[in-house]
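Each chain, written out:
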Amino acid sequence: MDPKTRQEFLERIPEYRLIDDTFMTVVFQDKACTQLLIRYILQRDDLEVLKVSTQNEMKNLWGRSVKLDILATDRAGAFYNIEVQRTDKGASRKRARYNSSLLDSNITIPGDEYDALAETYVIFITENDYFSRGLPLYHIERVVQETGELFSDDEHILYVNGQYRGHDPIGSLMHDFFCKDPNDMNNPVLAENVRYYKTDKEGVEYMCRISEEIKQKAKAEDVKAAMKNFHVSFERACDGLEIPKEDRPVIEKMVRAM
């Protein structure tokens, strides 16, 4: 890492908050932090997280793959996808639906009975109050419209209102998500991990390294997206000019080299 880039990261790290995607995915690699987060959101003291991974890519061979901020499992076998979203667009309802469907498709094994499908939670922590109702949480569940009864298919979608500051666990949690200084945080478990990555020499070095990796991955993804867009545009142009498909790879290669 060149000195200039390193200095940029060192200046940026003190400004990080848990609502910031890069910092959040580092801090919540810690199982205790993720367990606290899920317990507060679901209001369950008995829940025990067994495994956590961050920036986990879920593949879709026939469609769009997604990169999950946090993927966790608990002792009961439930799966949790937790996403931090700074913009309302990033927390769209159909994105929640898509993430939920990918969870199902990636955790099943051929031959499994449908009733063995694991319970899943897709949780969006949004910087804004997505539904603009002033509530701390919004639970989305399927219901039988004619009776009002829950469909109870063990698929759950929740939105956490990042603007909420009530005197309860969610208000305390959201306060901490917007703190830059760990000394201002309410929850010791979160504060300890935030402090490590902001003030400890090893923690700061790790944050610099992760920030560089994320920057390089973003550049690579931008290049990949640009190449894909170019290919699509090129194919459309070839269709308009009625260029035979067998001739297109050679022409495209020549155009790219120009």
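Provided above is the structure to which this section pertains.
Criteria and cut-off values
Residues numbered from 1 in each chain as written. Predicted model: local features only at pLDDT ≥ 70, side-chain atom pairs only at ≥ 80, totals over all residues. Heavy atoms only, no water. Buried < 20%, exposed > 50% of the residue type's maximum accessible area, 1.4 Å probe, protein only. Helix = DSSP H or I, 4+ residues; strand = E, 2+ residues; numbered from the N terminus. Pairing = 2+ DSSP bridges. Right-handed = clockwise from strand over helix to strand, strands pointing away. Contact = heavy atoms within 4.5 Å. Salt bridge = Lys/Arg side-chain N within 4 Å of Asp/Glu carboxyl O.

1. Observations regarding the pairing of strand S4 (residues 120–126)
Where a strand is regular, its side chains alternate between the two sheet faces. Burial runs high along S4: seven of the seven residues are buried. Here S4 shows no split at all, with Thr120, Val122, Phe124 and Thr126 on one side and Tyr121, Ile123 and Ile125 on the other all buried. Note that strand S3 (residues 79–85) and S4 share seven bridges and pair parallel. Pairing of Val84 across the sheet is with Ile125, part of S4. Chirality of the crossover, the property in question, places the unit of S3, helix H4 (residues 93–107) and S4 among those that are right-handed. Pairing of S4 with strand S8 (residues 155–161) involves seven bridges; the strand directions are parallel. Within the sheet, the bridge partner assigned to Tyr121 lies in S8 and is His156.

2. Digging into the environment of Leu47
Its location among the elements puts Leu47 in the loop between helix H3 (31–42) and strand S1 (49–58). Spatially, the C-alpha atoms of Leu47 and Gln35 are 7.5 Å apart, while their sequence positions differ by twelve residues. Once residues lying within four places of it in the same chain are set aside, the contact partners of Leu47 are Gln35, Ile38, Arg39, Leu42, Asp74 and Tyr80.

3. Digging into the pattern of salt bridges
In total, this model carries ten salt bridges according to the counting rule given. Residue Asp46 is joined to Arg44 by a salt bridge in which the shortest nitrogen-to-oxygen separation is 3.2 Å. A salt bridge links Arg142 to Glu155, with the shortest nitrogen-to-oxygen separation between them at 2.5 Å. One end of the pair, Arg142, is in the loop between strand S5 (137–140) and strand S6 (143–144); the other, Glu155, is in strand S8, and 13 residues separate them in sequence.

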